[in-house]
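Here is how the chains run, residue by residue.
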Amino acid sequence: MKNLFIYSLAALTFLFTGCEESLDDIYTELEINEEGDPINVVKDFEYTLTEDDYDIVDQSFPNFSGEDEAKEKVPTIMAELYTYLADGSSALVTYDVYNGSSPYLAAGSEATVTDAEYDELGYSYGNFDDLEGDLPIYAAYKMPDASTGAYIDVTHDYYNGSFVEYDVESRVVKTAPYGWMYVWPLPSDSYRDYFGESFSNFSNTDEAEEKIPYYLKDTFKFAEDGTSILVGYVYYDGGVQEDLAHYTLVNGEWVIYGAAFQVTAQSLSFGLIDGEWVPDNTIKLDLGFDDWMWIAANWSDKNPEGAESVEAYRNFDVTLWTDQQRFDAITGRLLEVYPDTEEGQKYLVTYATWEPGAGSRSLYVIFEGGEFVPFEQ
């Protein structure tokens, strides 16, 4: 059973040596002038925001909505807390992020994948073969501006590894934390046969959320930690209703999204420059469908076999692509998408690989002297 969705950390952090220091720790190291005021010094340190710190920027809750809000408001907090630090100081700041509401169903629509759409998306065999990977790609293509909770019931052909199943119906939903996701439907016979229900539904959502982890544990016995599944189920509330529950395997237990992942800690580095705290300027990207198609087209003459693999599978087969070729392909795409990149701009690009076996790697580069070069942290 391959992973249906790999829960990953919401953001990558920049590492500093040394342990986290409190305000008191830093203050006691400062030299004091004759008036009793601290003398400005340069410090490199780590700091985790407290609940009181969020009050400085009038946050209703002790968290931010994402990295952009953190970049906007953390400098104000740092300026308030560290008035005595001098230019050249740097801090790795950890803060909490609200990742969005639990997945739910709102407005739905239906779609049947056409031959032209298979072709346009690069499915040369006229079918999907990876439900959890292909359905979100199709949904993003079909409804690029969909709101959270939107879902599509897609009729499509599916190669199951042995033969093609025709007119398969699959559901894909737009979630707040993870974008479009394939919905794994709880089998209709499981309600009676496994859960012991009188009817083919749960009595309420609380019962569903409590019982489903037992079924997942028995069904996916060899799933790896980090595996994540968006389960579709039905319950009775004056009529049969549909709902969703998103579970991730953590230390051998299936944990529902709201219990562990709705608020998560992220870290971002800031530097004190000309009296102002400035966030790191790294732009974080994941190679998407358009990026892979561009790489396939532009490397068809330089690496025909590798380009063909990229077009078919939308990953780098490391047996077909050298480190230098991957570097050149990714940075070439960056120049295409960001032709006006300024000196000193950094990019952290994450991309799928085949090792063999599904994997993921990242390329960290900085634009210097009119070209991209590797950035060493």
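Let me begin by describing the structure that accompanies this report. In this convention, every chain numbers its residues from 1, walking through the sequence in written order. Selection of residues for local features in this predicted model requires a pLDDT of at least 70, selection of side-chain atom pairs for listing and counting requires 80 or more, and totals for whole chains, interfaces and linings are taken over all residues. Excluding hydrogens and water, the side-chain figures rest on all heavy atoms present in the structure.

It is worth spelling out the sheet that holds strand β9 (residues 253-256) at this point. At least two bridges found by DSSP between two strands are what make those strands a pair. Going along the chain from the N terminus, every DSSP run of H or I of four or more residues is numbered as a helix, and every run of E of two or more is numbered as a strand. The seven strands lie next to each other as β3-β4-β5-β6-β7-β8-β9, forming an open sheet whose pairing is mixed. In this open sheet, the two edge strands, each paired with only one partner strand, are β3 (108-112) and β9. Neighbouring strand axes in the sheet, compared pairwise and without regard to direction, differ in orientation by 40 degrees on average. Two strands pair when backbone bridges link them, and strand β7 (residues 228-236) and strand β8 (residues 240-250) are joined in this way by nine bridges, in the antiparallel orientation. Following the sheet pairing, Y235 is matched in β8 by Q241. It only takes one pair of heavy atoms within 4.5 Å for two residues to be counted as in contact. Here, axes are lines fitted to C-alpha atoms. For helices the fit covers the stretch in contact, and angles between N-to-C directions go from 0 to 180 degrees. Along the sheet face, helix α7 (residues 205-219) touches β6 (179-185), β7, β8 and β9 and points at about 135 degrees away from the line of β7.

Turning to the layout of surface pockets, a few remarks are in order. With a probe scaled to a water molecule rolled over the atoms, the places where space remains empty come into view. Computed over the protein atoms alone on a 1 Å grid, cavities are sets of points where a 1.4 Å probe fits but cannot get out and pockets are open sets with protein on both sides within 12 Å along at least five of seven lines; a residue lines them when it has an atom within 4 Å of a point. Grid points are joined across faces, edges and corners, and a volume is the space filled by probe spheres set on the points. The volume enclosed by the second largest pocket comes to roughly 400 Å³. In this structure, the second largest pocket is lined by 23 residues; those nearest its centre are D153, S170, R171, P185 and E242. Those elements that place two or more of their residues in the lining of the second largest pocket are β3, β4 (151-159), β5 (164-175), β6, β7 and β8. When residues are sorted by character, Ala, Val, Leu, Ile, Met, Phe, Trp, Tyr, Cys and Pro go into the nonpolar class, Asp, Glu, Lys and Arg into the charged class, and all the rest, Gly among them, into the polar class. Looking at side-chain class alone, the lining of the second largest pocket contains 13 nonpolar, four polar and six charged residues.

Another point: the side chain of Q345. Turning to its location among the elements, Q345 is positioned in the loop between α11 (323-337) and β14 (346-354). Note on Q345: relative accessible area 15%, which makes it buried. Contact partners of Q345, with chain neighbours within four places excluded, come to N281, T282, I283, V365, I366 and F367. In this scheme, a residue with accessible area under 20% of its type's maximum is buried, one over 50% is exposed, and one in between is partly exposed, where area comes from a 1.4 Å probe on protein chains only.

A separate point is the packing of helix α9 (residues 289-298) against helix α10 (residues 304-313). Relative to each other, α9 and α10 sit at 155 degrees, their axes nearing to 8 Å. Relative to α10, the element α9 lies roughly antiparallel. Here α9 and α10 pass one another in a crossing that is left-handed. Contacts between α9 and α10 involve W292, M293, I295 and A296 from the former and A307, V310 and E311 from the latter. Roughly parallel means an angle under 35 degrees; roughly antiparallel, over 145; roughly perpendicular, 65 to 115; everything else is oblique. Note on convention: near helix rotated counterclockwise from far helix by under a right angle means a left-handed crossing. Clockwise means right-handed.

Nothing here speaks to function; it is all geometry.
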